[in-house]
Amino acid sequence: MENSSAIMGIALLALFVGPIIYMIVRHSSKEKIVKKRLHSLATENNMKLDQIEITNSLLLGLDSNAKKFLIIDPSDHTKYEVIDLKNVGQSVVAKSGHQQKIGNKNKLALTHIGLELLKNNSKEKVKEVIFYDEDDNDSLDADAQLFMANKWDKLIKSNLSA
């Protein structure tokens, strides 16, 4: 009876823990593939990434020495853009939203967060990196995405030509 109880306990443990371990292994293997793709694209464009960001909705890389910013479309890893930060004059976190109806009514309920890269001596956009869009199913929590947008804004501003 003791052996059968132990075997049943191990079987139940494997039944409940097995799928969790499978998901962790699957996620880490996908992340390794994405990192490998990110670094191979950086190598193709003579970049050595010192900052990277991998989320469901963003794949970003920054080379501080070459002053280049790599943006990869997460839905299609063959589409990417390399932005030379020497041609960017300003970086701004753009937010839009509406007043909250519940809770703190003075706080803005964010519907869109983007990082706008503007050309030298003009207000013309070079690129907008969208961190959060309410209509997009890939976006995570707006506050977390705002924190990430501010982090990348500081990184890019520190790499802009003075």
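Details of the structure are given in the entry above.
Residues numbered from 1 in each chain as written. Predicted model: local features only at pLDDT ≥ 70, side-chain atom pairs only at ≥ 80, totals over all residues. Heavy atoms only, no water.

Is there a simple way to explain the side chain of His112 in this structure?
For His112, the position within the fold is in strand 6 (residues 108–119). Within the structure, His112 has its side chain in polar contact with the side chain of Glu128 (distance 3.0 Å). Once residues within four sequence positions are removed from consideration, His112 is found in contact with Ala94, Lys95, Ser96, Glu128, Ile130, Tyr132 and Asp133. (Helix = DSSP H or I, 4+ residues; strand = E, 2+ residues; numbered from the N terminus. Polar contact = N/O pair within 3.5 Å; in protein donor to acceptor, adjacent residues only side chain to side chain. Contact = heavy atoms within 4.5 Å.)

Can you help me understand the sheet that holds strand 4 (residues 80–84) in this one?
Within a sheet, each strand pairs with its neighbour through backbone hydrogen bonds, oriented either parallel or antiparallel. Within the open sheet, the four strands sit side by side as 1-2-3-4. Their pairing is antiparallel. The open sheet has two free edges, formed respectively by strand 1 (51–54) and strand 4, since each of these has just one partner strand. On average, adjacent strands in this sheet sit at an angle of 10 degrees to one another, irrespective of strand direction. Direction of pairing for strand 1 relative to strand 2 (residues 59–63): antiparallel, over a ladder of four bridges. Directly across from Gln51, in strand 2, lies its bridge partner Leu62. Helix 2 (residues 142–158) rests against strand 1, strand 2 and strand 3 (68–72) of the sheet, and its axis sits at about 160 degrees to strand 1. (Pairing = 2+ DSSP bridges. Axes fitted to C-alpha atoms, helices over the stretch in contact; angles between N-to-C directions.)

Looking at this model, I keep getting lost on the pattern of salt bridges. Mind explaining?
As enumerated under the stated definition, the model contains three salt bridges in all. Here Glu81 makes a salt bridge to Lys127, at a shortest N to O gap of 3.2 Å. Of the two residues, Glu81 is situated in strand 4 and Lys127 in strand 7 (residues 125–133); the sequence distance between them amounts to 46 residues. Its relative accessible area of 30% is what places Glu81 among the partly exposed residues. Judged by its relative accessible area of 25%, Lys127 falls in the partly exposed class. In this structure, Lys157 and Asp153 form a salt bridge, with 3.3 Å as the shortest nitrogen-oxygen distance. (Salt bridge = Lys/Arg side-chain N within 4 Å of Asp/Glu carboxyl O. Buried < 20%, exposed > 50% of the residue type's maximum accessible area, 1.4 Å probe, protein only.)

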